[in-house]
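Structural features, examined
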Amino acid sequence: MSVTQEGDVKRPILAVAAVLGSLSLTVAPSRAAAGQGQTLADLFKTGTVRFVPEMTITDEAMAGKAFFSQISDIAMDDKGNLYAADSKENNIKMFDRSGAFLGTIGRAGQGPGEFNYPIEIEFSKGRLYVRELFNSRVSILDDKGIYLNSVRIERQAGQWWNMLALPDGRFVVQREVTDFQDPNAPQEVFIDLFSSELAFMKTLYRHVVRRNKYISEPVRTNVPVPFAAQVYCDVTSDGRVLIAYSGGYEVEVHDPDKGKVASFTQSYTPAEVTAEDKELYFKGMVSSLSGPSGTVVKKQGAPDYIINNTEFPRTKPPFLNIKSDLEGNVWVQLYGPTITKDGPEMDVFDRQGRYCARVRIQPGGVFPYRMVPVPGGFWTIRYNEEGEVDLVRFRVSR
């Protein structure tokens with residue numbers, strides 16, 4: 001029996017949506033991309049921004065040769081080609097910098113060049129790294145999609161959550177270790193440094209979290225801890241590692257070789273957990289139960305034994321994600337009553353960790369869960385009003 005919180009996994013996409021906007025192929029400095037004489041930090045200091053679509057890639061770009069189904073991650077190579085990991089289709093879809101479809105890499109399977117639920121991708125030093133959830137490995141391919149080798153992710157090493165490429169070719173990996181011998185023990189998060197061949201080098205950071213507790217009656221299962229403090233991580237374009245634990249409001253800056261070199265904090269007022277929060281939390285759950293002949297029965301909403309064993313905290317953590325743009329500004333997605341009729345809000349710090357402002361993203365914009373920074377903006381995965389998936393390049397604007 002397992003219980004998950006529904007949110008990022010969407011239904012398969014079959015409809016074809018229209019392509020919106022166009023993209024200039026000139027790669028300009030960030031100052032020019034943000035606006036004449038302005039950097040992104042300048043824009044953020046105004047307290048309000050818009051995410052303006054410059055280019056949208058939809059099913060239509062593939063002209064019936066393929067369809068977006070469940071895009072879990074995106075990456076970009078040095079030429080501006082875009083790669084999209086389709087977990088349900090078990091392939092990687094490729095597009096050139098103008099949005100033209102180049103083809104797919106891989107197919108379902110366990111052999112070389114085959115994938116089983118590709119959930120995360122990174123492009124680094126001419127290689128495409130594909131983390132496969134159900135094959136428990138990272139497959140490494142060249143820039144043409146030719147399989148080179150793979151690296152096994154050992155179960156005892158814990159569950160990988162993030163695989164982030166540094167500019168020098170090394171990787172930062174976030175993993176979580178659960179003590180299955182002691183179901184009451186907390187989980188432990190590690191931020192590790194790996195070589196370009198994905199060989200472990202050293203641990204940069206570790207922190208205890210408690211995302212799950214376990215019960216044995218009436219069934220043995222996990223009970224997710226609502227609004228649990230977690231560890232978030234990202235890397236900057238100049239190779240710094242950003243790490244933040246949401247049990248407080250502090251963002252640490254680490255040098256991969258020297259360790260922690262700085263940190264910055266921000267005062268905040270914790271948001272109360274409301275009755276509506278609790279109701280929505282249980283409604284968003286999906287429970288899975290094994291049925292006859294190995295079938296799996298899924299049910300929307302939390303079963304009674306989950307509800308009865310769930311304890312809510314009084315307040316929410318201050319944030320639930322961090323990202324860094326191409327200029328090195330740090331975006332902090334706030335966790336609280338930060339989505340209003342005027343749009344969601346985030347805190348932004350400049351490259352030196354100085355507070356820019358609490359920034360309202362004007363209606364229609366959302367904080368990018370998956371993000372590839374580009375001059376003046378970013379690529380991300382977006383689900384439109386019909387529930388169809390698009391790949392969108394946004395420009396940050398007033």
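This section reports on the structure supplied with the text. (Residues numbered from 1 in each chain as written. Predicted model: local features only at pLDDT ≥ 70, side-chain atom pairs only at ≥ 80, totals over all residues. Heavy atoms only, no water.)

1. Comments concerning the overall build of the chain
The following threshold applies: Helix and strand definitions here come from DSSP, where helices need a minimum of 4 consecutive H or I residues and strands a minimum of 2 consecutive E residues; each element is numbered from the N-terminal end. The cut-offs for exposure are 20% and 50% of the maximum accessible area for each residue type, with area from a 1.4 Å probe on protein chains only; residues under the lower value are buried, those over the upper are exposed, and the others partly exposed. Throughout, a residue-residue contact means that at least one pair of heavy atoms, one from each residue, lies within 4.5 Å. Here the open area of atoms and residues is found with the Shrake-Rupley method and a 1.4 Å probe, where only the protein chains shown may cover a residue.
Per the secondary structure count, the chain includes four helices and 32 strands. Across the 398 residues of the chain, 52% fall into the buried class. Within the chain, residue pairs in contact and separated by at least 24 positions form 50% of the contacts whose partners lie at least 6 positions apart. For the chain, the exposed area adds up to about 18900 Å²; of that, 49% sits on carbon and sulfur atoms.

2. Some remarks on the pattern of salt bridges
Selection rule: Salt bridges are defined by distance alone: a side-chain nitrogen of Lys or Arg within 4 Å of a carboxyl oxygen of Asp or Glu.
Tallying each qualifying case throughout the model produces 26 salt bridges. With a shortest N-O distance of 3.2 Å, Glu54 and Arg393 are connected by a salt bridge. Of this pair, Glu54 sits in strand S2 (residues 48–57) while Arg393 sits in strand S32 (residues 389–397); the two residues are 339 residues apart in sequence, bridging distant segments of the chain. Residues Glu54 and Arg393 agree in their burial class; the two are buried. Here Asp73 makes a salt bridge to Arg370, at a shortest N to O gap of 3.9 Å. You can see Asp73 sitting in strand S3 (residues 71–76) and its partner Arg370 sitting in the loop between strand S29 (355–361) and strand S30 (371–374), a full 297 residues away along the chain.

3. Quick look at the sheet that holds strand S11 (residues 137–142)
For sheets, the rule is that strands pair by backbone hydrogen bonds, running either parallel or antiparallel. Stated precisely, the cut-off is as follows: By the convention used here, strands pair only if DSSP detects at least 2 bridges between them. Think of each axis as a best-fit line through the C-alpha atoms, taken over the contacting stretch in the case of a helix, with angles from 0 to 180 degrees between the N-to-C directions.
Within the open sheet, the four strands sit side by side as S9-S10-S11-S12. Their pairing is antiparallel. Both edges of this open sheet fall to strand S9 (118–124) and strand S12 (147–152), since each of them pairs with a single strand only. Across this sheet, the average inter-strand angle for adjacent strands is 20°, counted without regard to direction.

4. Points about the packing of aromatic side chains
Worth spelling out the cut-off: Only centres within 6.5 Å qualify two rings of Phe, Tyr or Trp (six-membered ring in Trp) as a pair; their planes then separate them into stacked at under 30 degrees, edge-to-face at over 60, and tilted for everything else. The criterion is that NZ of a Lys, or CZ of an Arg, lies within 6 Å of the ring centre and within 35 degrees of the ring normal, and then a charge sits over that ring.
Applying the stated criterion to the full structure yields 26 aromatic pairs. Arranged with centres 4.6 Å apart and planes meeting at 40°, the rings of Phe264 and Phe349 form a pair that is tilted. Placement of Phe264 in strand S22 (residues 259–265) and of Phe349 in strand S28 (residues 343–349) is noted, with a sequence separation of 85 residues between them. Pair check on accessibility: Phe264 and Phe349 agree, each one buried. Taken together through their ring pairs, the aromatic side chains of Tyr232, Tyr249, Phe264, Tyr268, Phe319, Phe349 and Tyr355 make up a single cluster. For Arg155, the ring lying beneath its charged end belongs to Phe180, and the centroid distance is 5.1 Å. If you follow Arg175 out to its NZ or CZ, it ends over the ring of Phe190, 4.3 Å from the centre.

5. Here's the deal with the sheet that holds strand S20 (residues 241–245)
One open sheet holds the four strands; their spatial order is S19-S20-S21-S22, and the pairing between them is antiparallel. Of all strands in the sheet, those with a lone pairing partner are strand S19 (231–235) and S22, marking the two edges. Across the sheet, the mean angle from the axis of one strand to that of its neighbour is 25°, orientation sign disregarded. The pairing of S20 with strand S21 (residues 250–255) spans four bridges and is antiparallel. From the neighbouring strand, Ile243 faces S21, where its bridge partner is Glu252.

6. Quick word on the nonpolar core
We count it as follows: Residue types Ala, Val, Leu, Ile, Met, Phe, Trp, Tyr and Cys, when buried and joined through side-chain atoms within 4.5 Å, form a set referred to as a nonpolar core.
Core analysis: the largest hydrophobic core is formed by 19 residues, its most contacted members being Phe44, Val49, Phe51, Trp331, Met346 and Val396. Elements that contribute at least two residues to this core include exactly helix H2 (40–44), S2, S28, S29 and S32. Among the nonpolar cores identified, the runner-up in size contains 17 residues, and Ile74, Leu82, Val372 and Leu391 belong to it.

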